[in-house]
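# Residue-level structure breakdown
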Amino acid sequence: MTKTVLILGGSLAGLHVAHALLRKRNKDLKVIIVSKNTHLYWNLASVRAIIPGQIKDEAIFKPLSDALSRYPKESWELIIGTATAANLEEKAVEVAVSDGTTRKVAYDQLVMATGARSAAPNVPWKAADSYEDTVKILHDTAARVKNAQHIVVGGAGSTGVEVAGELGHEYGKTKEIILLCAADKILGGDSVAAAAAHELKKLNVTIKYGARVAETRTTPEGKTHVVLSTGEALSTDLYLPTTGLLPNTEYLPGRYLSADAGYRRVLVDEFLRVQDARDAWACGDVVSKPRAGFLITQKQAANVARNVELALAGREPAVAKDPPADIFACSVGRDRGAGRINSIRLPSFAVWLAKGRTLGMQRVQGYVDGSVA
Ligand SMILES: Cc1cc2nc3c(=O)[nH]c(=O)nc-3n(C[C@H](O)[C@H](O)[C@H](O)COP(=O)(O)OP(=O)(O)OC[C@H]3O[C@@H](n4cnc5c(N)ncnc54)[C@H](O)[C@@H]3O)c2cc1C
């Protein structure tokens, strides 16, 4: 009898799992993907895509239907919609479909891959609620970047540093670029923080330390007042907040989620199985453990696909493995970077070669042709 694997989320985690299952061409398996977006979004390159003319939409947005249509059509279904309520006892998920209808989708195995969104609205660092919204936010941001003379980037984590680096590379000599860092070191005090700060300085980016944003206000003239917790206020043409990720878990009952008030990620065991549930798995940013990251997402997606297959065969799951090394690479503009493998520092050139040159865009095709899995 045909078994159904329901995957929630069609991004880097969800599409990876789908490919891993579908490429086996198991006639007794149907994969259903529920995705808010019709397209995969290579958000890792969003930091450069906000610089007008740098990256074409076609390079970072790929239709999910193109990726799936290589498999027999009876083996998959793509539902464009939002998972709104998951009942892990009944083994069914309610979906608000983009055509305005609702559907209840029953499953044998469930994979949660709904990731995490940016805490700030209208920024292009992660997919928005639809492909059209994501493209619009990206284009609007690029237009505002072009017109601004003074830009403030809020938050000096890796997204903030990469955004500031891209702005510095393109406009460091013609616009004022300020990076706000709440602490006394960027990148959360990672061992490569000083190297990244040094690269930013070369691109004329000013880093303001101890600068935690308390509130922002837009003026009738279109400027933004960024008020810091110290009371100091900056007036800027464009404020780009990069802080905060919120796991997309609102459709799950609270007992499956971590208790942190602002950060409710899915709790999983060593098999990436949802704690206290049966036949339900999670991977990628929705788990955010050990942290939210692409290489971790890839590894987890492969682990979950294997455990789903084992479960379908009535076998015990395998313990999920972490990536073999802790790699941290931060691109700083189009020809620099700072990074490390475990505790070994990488030269700026090596980070550029491995990451900054393309921001991983050469990997996108693997999500279309399935070779990623
Ligand atoms: C600017 C930026 C740069 C980055 N660069 C790097 C990097 O260089 N290296 C690295 O290791 N990591 C990087 N990351 C992290 C990387 O992007 C994430 O780890 C990765 O995107 C996780 O993929 P995911 O599929 O788990 O989740 P997401 O990419 O968040 O995708 C989740 C998908 O699920 C959809 N969805 C959400 N809720 C629902 C719902 N209820 N129903 C249906 N669909 C839903 C969303 O719309 C989205 O399409 C970067 C992150 C950012 C923000």
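Residues numbered from 1 in each chain as written. Predicted model: local features only at pLDDT ≥ 70, side-chain atom pairs only at ≥ 80, totals over all residues. Heavy atoms only, no water.

### Some words on the nonpolar core
The nonpolar side chains of soluble globular proteins are, as a tendency, buried together. Core analysis: the largest hydrophobic core is formed by 107 residues, its most contacted members being Leu88, Leu167, Leu179 and Ile186. When residues of this core are assigned to their parent elements, the largest contribution, eight residues, is made by helix H1 (residues 12-22). Summarising the domain contributions, this core has at least three residues from each of domain 1 (3-119 + 245-323) and domain 2 (131-243 + 327-356). For Leu167, the residues in contact, after removing those within four places along its chain, are Ile50, Ile51, Val145, Ile151, Val153, Gly172, Ile177 and Leu240. Of all hydrophobic cores here, the second largest spans eight residues; its members include Leu180, Ala211, Leu228 and Leu234. (Core = buried A, V, L, I, M, F, W, Y, C linked by side-chain atoms within 4.5 Å. Buried < 20%, exposed > 50% of the residue type's maximum accessible area, 1.4 Å probe, protein only. Helix = DSSP H or I, 4+ residues; strand = E, 2+ residues; numbered from the N terminus. Domains from an automatic or database assignment. Contact = heavy atoms within 4.5 Å.)

### A look at the site of the ligand
Around the ligand, 33 residues are found, and the nearest of them are Ala13, Lys126, Asp285, Phe294 and Lys355. Measuring from an oxygen atom of the ligand, one finds a backbone N or O atom of Leu12 at 3.2 Å. Contacts to the ligand include Ala116, whose backbone N or O atom sits 3.2 Å from an oxygen atom. When the free accessible area of the ligand is taken as 1,000 Å², the share hidden by the protein chains comes to 89%. Those elements that provide at least two residues to the shell around the ligand are H1, strand S2 (29-35), helix H2 (46-49), strand S5 (76-87) and helix H8 (294-312). (Near = heavy atom within 4 Å. Polar contact = N/O pair within 3.5 Å; in protein donor to acceptor, adjacent residues only side chain to side chain. Areas by Shrake-Rupley, 256 points an atom, 1.4 Å probe, with all protein chains shown as cover.)

### Describing the UniProt feature "signal peptide" (unreviewed entry) in the protein chain
According to UniProt, the "signal peptide" (unreviewed entry) feature falls on residues 1-20. A distance of 20 Å separates the end C-alpha atoms of residues 1-20, which is 45% helix and 30% strand. (UniProt positions renumbered as here; feature names shortened; annotations may be inferred.)

### Regarding the pattern of salt bridges
Close approach of charged atoms lets side chains of opposite charge pair. Under the counting rule described, the total for this entry stands at 23 salt bridges. Between Asp285 and Lys126 there is a salt bridge, with the nearest N and O atoms lying 2.8 Å from each other. Residue Asp285 is found in the loop between strand S18 (280-282) and H8, and its partner Lys126 is found in the loop between strand S9 (116-118) and helix H5 (131-147); the two are separated by 159 residues along the sequence. Taken together, the salt bridges that share partners define one network made up of Asp190, Arg291, Asp326 and Arg340. (Salt bridge = Lys/Arg side-chain N within 4 Å of Asp/Glu carboxyl O.)

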